[in-house]
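# Survey of secondary and tertiary structure
So the chains spell out like this:
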Amino acid sequence: MGNRLNSEEIIGKTLDAIIHSHELYLEFSGNEWLWNAPEYLITVKIAEFLHSIEKNKFITLEDSVDYILKEANAHSRKKIRHGRFDIVLWWAKGDPRAIIEVKNGVHQFRNIEEDIERVEKVLTRKEDDSSIKFGLIAFYVSKHYKNNTDEKINNLIENLYFQTQEKIPKLKVSKYYKIVYDKENEPNDIFAAVVFKIQR
């Protein structure tokens with residue numbers, strides 16, 4: 001088990017990668033926040049951070065849904081719409097283990113709803129045979145508030161979490177997040193890296 005990558009490590013690195021993406025884009029752009037950047041910047045940084053973990057795994061980007069389901073022994077005649085996963089994490093032996101869907105600039109549930117539906121469809125097909133054990137919805141949230149900044153972004157994340165649970169009641173959803181807030185210098189601006197883990 002010592003060289004096996006656990007989900008806590010995956011989630012921790014994913015959160016760190018989103019925060020790093022924000023910091024990197026500030027540097028690239030001369031102080032623009034990450035919501036202005038293309039989503040694939042976050043996707044690539046998550047893949048890089050996961051790759052940095054020195055444990056057995058493979059990572060691929062933009063694999064087709066049909067191909068991954070076949071490799072995971074979860075293929076069926078009923079196809080899933082929208083044909084590619086952002087990131088696929090593979091077991092070292094060569095089977096897909098987890099899918100990660102990435103979103104930038106999330107402000108309301110509909111921004112992540114389609115990805116949640118896709119993860120649900122993957123996890124609820126051929127459950128006894130599929131090698132895919134969980135899915136992550138990884139996203140960046142940034143907001144400007146007039147007051148109660150940290151309280152309001154916490155409420156936003158909680159509301160997104162509650163709506164996700166309501167959307168897929170047969171699956172278990174866990175939330176993880178890191179909030180970054182410069183209370184002294186930018187008291188009205190705040191951002192967060194968020195991951196919802198979805199599993200059977």
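Described in the following lines is the structure provided in the data block. (Residues numbered from 1 in each chain as written. Predicted model: local features only at pLDDT ≥ 70, side-chain atom pairs only at ≥ 80, totals over all residues. Heavy atoms only, no water.)

### Some points on the overall build of the protein
Regarding its fold elements, the protein presents five helices and six strands. A globule of 200 residues ought to have a C-alpha radius of gyration of about 16 Å, and the protein, at 17 Å, matches this closely. Overall size of the protein, expressed as C-alpha extent along the three principal axes, is 50 × 35 × 30 Å. Expressed as a percentage of contacts within the protein between residues at least 6 apart in sequence, the contacts between residues at least 24 apart total 68%. Of the roughly 10,400 Å² that the protein leaves accessible, carbon and sulfur atoms contribute 45%. (Helix = DSSP H or I, 4+ residues; strand = E, 2+ residues; numbered from the N terminus. Rg over C-alpha atoms; globule rule 2.2 N^0.38 Å. Contact = heavy atoms within 4.5 Å. Areas by Shrake-Rupley, 256 points an atom, 1.4 Å probe, with all protein chains shown as cover.)

### Focus on helix H1 (residues 7–29)
For H1, which comprises 23 residues, the first-to-last C-alpha distance of 33 Å matches the rise-based estimate of 33 Å (1.5 Å per residue) to within 8%. Ser7, Ile10, Ile11, Thr14, Leu15, Ala17, Ile18, Ile19, Ser21, His22, Leu24 and Tyr25 are the residues of H1 that are buried. Tucked inside the fold, the buried residues of H1 contact helix H2 (39–51), strand E2 (87–90), strand E3 (96–103), strand E4 (134–144), strand E5 (172–180) and strand E6 (189–199). Two to three positions downstream of the cap, the backbone nitrogen of Glu8 sits 3.1 Å from a side-chain oxygen, assigning the N-cap of H1 to Asn6. At the C-terminal side of H1, Gly30 shows a positive phi close to 80°. (Expected span 1.5 Å × (residues − 1). Buried < 20%, exposed > 50% of the residue type's maximum accessible area, 1.4 Å probe, protein only. Polar contact = N/O pair within 3.5 Å; in protein donor to acceptor, adjacent residues only side chain to side chain.)

### So, the nonpolar core
Residues Ile112, Ile137, Phe139, Phe196 and Ile198 are the most contacted members of the largest nonpolar core, which totals 34 residues. Among residues more than four places away in sequence, those in contact with Ile112 are Lys103, Val106, Ile137, Phe139, Thr164 and Phe196. Core analysis: the next-biggest nonpolar cluster, separate from the first, contains 29 residues, Leu15, Tyr25, Leu34 and Ile42 among them. (Core = buried A, V, L, I, M, F, W, Y, C linked by side-chain atoms within 4.5 Å.)

### Describing the packing of H1 against H2
Remark: H1 packs on H2, axes separated minimally by 8 Å, with the N-to-C direction vectors making an angle of 130°. With respect to H2, the axis of H1 lies oblique. The interaxial crossing formed by H1 with H2 has right-handed handedness. The residues of H2 that touch H1, namely those facing Ile10, Lys13, Thr14, Asp16, Ala17, Ile18, His20, Ser21, Leu24 and Tyr25, are Leu41, Ile42, Lys45, Ile46, Phe49 and Leu50. Considered class by class, the residues forming the contact of H1 with H2 number ten nonpolar, three polar and three charged. (Axes fitted to C-alpha atoms, helices over the stretch in contact; angles between N-to-C directions. Parallel < 35°, antiparallel > 145°, perpendicular 65-115°, else oblique. Left-handed = near helix turned anticlockwise from the far one by under 90°. Nonpolar A, V, L, I, M, F, W, Y, C, P; charged D, E, K, R; others polar.)

### Section: the pattern of salt bridges
Scanning the entire structure with this criterion turns up eleven salt bridges. Put simply, Asp66 and Lys70 hold a salt bridge, and the shortest N to O gap is 3.4 Å. Placement of both Asp66 and Lys70 in helix H3 (residues 65–71) is noted, with a separation of four residues, approximately one turn of the helix. The shortest N-O distance in the salt bridge between Glu158 and Lys175 comes to 3.2 Å. On the criterion of sequence distance, the pair formed by Glu158 in helix H5 (residues 149–167) and Lys175 in strand E5 is long-range, its members being 17 residues apart. (Salt bridge = Lys/Arg side-chain N within 4 Å of Asp/Glu carboxyl O.)

### Quick word on the sheet that holds E2
Spatial strand order, E1-E2-E3-E4-E6-E5: six strands in an open sheet with mixed pairing. Looking at strand neighbours, the two that pair on one side only are strand E1 (58–61) and E5, the edges of this open sheet. When the angles between neighbouring strand axes are averaged without regard to direction, this sheet yields 20°. Relative to E6, E5 is paired through nine bridges, and the arrangement is antiparallel. Residue pairing across strands places Ile179 opposite Ala192, the latter belonging to E6. Where H2 meets the sheet, it contacts E1, E2, E3 and E4, and its direction lies at approximately 145° from that of E3. (Pairing = 2+ DSSP bridges.)

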